[in-house]
Amino acid sequence: MIHSHEPLAARVLRVVRRTLLTIVGVQLALAVGMSVVDSYRRRGKKPKPFPTTPPRTVEIGGGTLTTYTYGSDLYPDMLAAIEGAQRQVFFETYIWKGDATGERFKKALADAAARGVDVYCIYDGFANLVVSPVFKHFPRSMKVLRYPVYAAGLRFFDLRRYGRDHRKILVVDGEVGFVGGFNIGDPYEKEWRDTHVRVTGPGVWDLQRAFADFWNLNRRRRLGHSARPLLLETASSWESRIRFQRNVPRLWMFPIRSMYLEAINRASRNIWLTTAYFLPDPDFVDALKDAARRGVDVRLLVPLKSNHIVADWISRGYFSHLLEAGVRIFRYRDAMVHAKTATVDGTWTTVGTANIDRLSLSGNYEINVEAIDTGFARTMEEIFTVDESNCLELTIGEWEARDLHRKFTEFVLAPLRPLL
């Protein structure tokens, strides 16, 4: 008989390590397999028509907010603003596809630069890896910053440098701004349900400053020491009812999560929340549950099937606790809902780029407009009601009766939550 001289502790450690690697391997294999199968099933399928709300403008303080729920309404107004620019254009996007819509924006920006307008563009390198390199060649008259796929350099363990630039911003001449969930591309124009806002008045200055701060934080490393900083004048006045909350990983600033939690914890009447991906931390879940238990009308609107099937399955792990607490869950059908909005008590509203997931709330560069205004809240409630008409409400009975294999899949994928 051969006796092992390996210490017991070492053997136990080896077994534990192999077990953990096996579990992680199964999780990743399942996630990859689900994504591949879902991608195959989606080939050639087109979303069905869905209800939208026409653009609506609300006066707030010294300016306005205009809502957009359909890309075919939004894109022409964005392009018109660029085409009418006289001094300066700030354009920032997460995804910028090299399709017909992407080319329209590229041409409008290039034409503005050619007539002497200062055009600054930022796009995320990772989000556009599949976009043709030819499309990403821009005229020298445009100042373009590509946020890198890997931004940490030799600082491998500096978590502040791993966030993606998930923001979508357009500011023209310091007079009009656009912000929200819409990326740039053909699918987002007619196939996705998203929300954007157009801003005028004093609030535009904060949106402009958000762009300039990101540019200045990254300009030297990406564009060389010759790249000039963006210097802006100080705002002449404050807009007390419109604020822009920005997540800045490099500075370890994540106010959007705090903004949401404060509004949820103060709610006394209703919380109507729409998000593309719902993967919150336990404190966020508890805040929604506590609100529902104290009688607040809490409604969560998410896609029935999003463009990320793994995120969908992981998200479902929260449904039991929410439904038991009295939260109503609505699942948007026939199209991808990509909006990131919430309205509370007919007074507080937010529209922006941040999803309710860990990457958006504590990882990526994000920006949300926060408005304290009954008129704007009323508009957002009307938009939510229209969206709700295209949803299937999930009941607790239906959820508890789901198949065993669905419960097993949710259980296996649950440990991946901190990664999304």
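Residues numbered from 1 in each chain as written. Predicted model: local features only at pLDDT ≥ 70, side-chain atom pairs only at ≥ 80, totals over all residues. Heavy atoms only, no water.

Trainee: Even after reading the chapter, I still don't get the overall build of the protein chain, so can you show me in this structure?
Mentor: The helix and strand inventory of the protein chain stands at 13 helices and 20 strands. For the protein chain, the residues scored as buried account for 53% of the 420 residues in total. Expressed as a percentage of contacts within the protein chain between residues at least 6 apart in sequence, the contacts between residues at least 24 apart total 78%. Put simply, the protein chain shows about 19900 Å² of open surface, and 56% of that area lies on carbon and sulfur atoms. (Helix = DSSP H or I, 4+ residues; strand = E, 2+ residues; numbered from the N terminus. Buried < 20%, exposed > 50% of the residue type's maximum accessible area, 1.4 Å probe, protein only. Contact = heavy atoms within 4.5 Å. Areas by Shrake-Rupley, 256 points an atom, 1.4 Å probe, with all protein chains shown as cover.)

Trainee: I keep staring at the sheet that holds strand E14 (residues 328-332) and nothing clicks. Help me out?
Mentor: The strands making up a sheet are joined through hydrogen bonds of the backbone, oriented either antiparallel or parallel. With respect to topology, eight strands assemble into an open sheet ordered E10-E19-E17-E16-E11-E13-E14-E20, the strand pairing being mixed. Each having just a single partner strand, strand E10 (242-247) and strand E20 (391-394) make up the two edges of the open sheet. Strand-to-strand, the axes of this sheet are offset by a mean angle of 15 degrees, without reference to chain direction. Note that strand E11 (residues 270-274) and strand E16 (residues 341-344) share four bridges and pair antiparallel. Within E16, the residue paired with Leu 273 across the bridge is Ala 342. (Pairing = 2+ DSSP bridges. Axes fitted to C-alpha atoms, helices over the stretch in contact; angles between N-to-C directions.)

Trainee: Even after reading the chapter, I still don't get the pairing of strand E17 (residues 348-352), so can you show me in this structure?
Mentor: In regular strands, side chains alternate between the two faces of the sheet. With respect to burial, E17 is a largely interior element, five of its five residues being buried. Judged by which residues are buried, E17 turns out to be covered on both faces: Trp 348, Thr 350 and Gly 352 on one side and Thr 349 and Val 351 on the other are all buried. Bridging between E16 and E17 involves four bridges; their strand directions are antiparallel. Within E17, the residue paired with Thr 343 across the bridge is Thr 349. Count of turn residues in the E16/E17 antiparallel hairpin: three residues, of which Asp 345 carries a positive phi of about 55 degrees. Pairing analysis gives five bridges linking E17 to strand E19 (residues 366-372), with the strands arranged antiparallel. Bridge assignment links Thr 350 to a residue of E19, and that residue is Glu 370.

Trainee: How should unusual backbone geometry be read in this particular structure?
Mentor: In most cases, non-glycine residues show a negative phi, while peptide bonds are predominantly trans. A positive phi angle is found at Asp 173, which is not glycine, with a value near 55 degrees. One can find Asp 173 in the loop between strand E6 (169-172) and strand E7 (176-180). On the basis of relative accessible area, Asp 173 is assigned to the buried category, the value being 9%.

Trainee: Help me out: how do you make sense of a nonpolar patch on the surface in this one?
Mentor: Together, Phe 126, Leu 129, Val 130, Val 149, Tyr 150, Leu 154, Phe 156, Phe 157, Leu 159, Tyr 162 and Trp 252 make up a nonpolar patch on the protein surface, roughly 1300 Å² of accessible area in all. With respect to the helices and strands, Val 149 occurs in the loop between strand E5 (143-147) and E6. Since its relative accessible area comes to 32%, Val 149 is described here as partly exposed. (Patch = residues over 30% accessible without salt bridge, like charges linked within 9 Å, V, L, I, M, F, W, Y side chains within 5 Å. Salt bridge = Lys/Arg side-chain N within 4 Å of Asp/Glu carboxyl O.)

Trainee: Could you clarify how one ought to interpret helix H11 (residues 374-388) in this entry?
Mentor: It helps to recall that an α-helix has 3.6 residues per turn; residues three or four apart then point in one direction. Along its 15 residues, H11 runs 21 Å from first to last C-alpha, staying within 8% of the 21 Å computed at 1.5 Å per residue. Those residues of H11 lying buried are Gly 375, Phe 376, Ala 377, Thr 379, Met 380, Glu 381, Ile 383, Phe 384, Asp 387 and Glu 388. (Expected span 1.5 Å × (residues − 1).)

Trainee: I keep staring at the packing of aromatic side chains and nothing clicks. Help me out?
Mentor: In this description, an aromatic ring pair is defined by two values, namely the gap between the centres and the angle between the planes. Enumeration over the complete set of coordinates arrives at 27 aromatic pairs. Each ring, one from Phe 50 and one from Tyr 332, has its centre 6.4 Å from the other, and the planes form 70 degrees; the classification is edge-to-face. Pair noted here: Phe 50 is in the loop between helix H1 (8-42) and strand E1 (56-60) and Tyr 332 is in strand E14, with a separation of 282 residues, a long-range link. The same class applies to Phe 50 as to Tyr 332, namely buried. Three or more aromatic residues joined by ring pairs form one cluster here, namely Tyr 75, Phe 91, Trp 96, Phe 105, Tyr 123, Phe 135, Phe 138 and Phe 182. The ring of Tyr 120 has Lys 143 sitting right over it, with the charged end atom 5.0 Å from the ring centre. (Phe/Tyr/Trp six-rings, centres within 6.5 Å; stacked < 30°, edge-to-face > 60°. Lys NZ or Arg CZ within 6 Å of the ring centre and 35° of its normal.)

Trainee: Where do I start with empty space enclosed by the protein in this structure?
Mentor: One simple way to see leftover space: roll a probe sized like a water molecule over the atoms. Under the definition given, this model contains four cavities of 30 Å³ or more. Contributions of two or more residues to the lining of the largest cavity are made by strand E13 (297-303) and helix H8 (309-315). The greatest single-element share of the lining of the largest cavity, amounting to three residues, is contributed by H8. Reported here for the second largest cavity is a volume of approximately 50 Å³. Taken together, Arg 193, Trp 272, Thr 274, Thr 341, Ala 342, Thr 343, Met 380, Ile 383, Phe 384 and Asp 387 make up the lining of the second largest cavity. Counting residues per element, the ones that place at least two in the lining of the second largest cavity are E11, E16 and H11. The element best represented in the lining of the second largest cavity is H11, accounting for four residues. Tallied by class, residues from the lining of the second largest cavity come to five nonpolar, three polar and two charged. (1 Å grid on protein atoms, 1.4 Å probe; cavity = no way out; pocket = protein on both sides within 12 Å on 5 of 7 lines; lining within 4 Å. Points joined across faces, edges and corners; volume = space filled by probe spheres on them. Nonpolar A, V, L, I, M, F, W, Y, C, P; charged D, E, K, R; others polar.)

Trainee: How should I be thinking about the UniProt feature "domain: PLD phosphodiesterase" (unreviewed entry) in the protein chain in this particular structure?
Mentor: Following the UniProt record, one finds the feature "domain: PLD phosphodiesterase" (unreviewed entry) at residues 161-188 and 333-360. When the span residues 161-188 is considered, its composition is 11% helix and 32% strand, and the gap between its end C-alpha atoms is 29 Å. Here residues 333-360 is 11% helix and 46% strand, with 24 Å between the C-alpha atoms at its ends. (UniProt positions renumbered as here; feature names shortened; annotations may be inferred.)

Trainee: Would you explain the pattern of salt bridges in this entry?
Mentor: Between side chains of opposite charge, a pair can form when the charged atoms approach closely. Within the structure shown, the criterion is met by 22 salt bridges. Between Arg 209 and Asp 206 there is a salt bridge; the shortest N-O distance is 3.5 Å. With a gap of three residues between them, Arg 209 and Asp 206 both fall in helix H5 (residues 203-223), about one helical turn apart. A salt bridge links Glu 262 to Arg 266; its shortest N-O distance comes to 3.8 Å. A residue pair is termed a helical-turn pair when its members lie 3 or 4 positions apart in one helix, as Glu 262 and Arg 266 do in helix H6 (residues 255-266) at four residues. Arg 266 gets classed as exposed once you look at its relative accessible area, which sits at 64%. A cluster of three or more residues bridged by salt bridges with shared partners is formed by Asp 206, Arg 209, Asp 213 and Arg 246.

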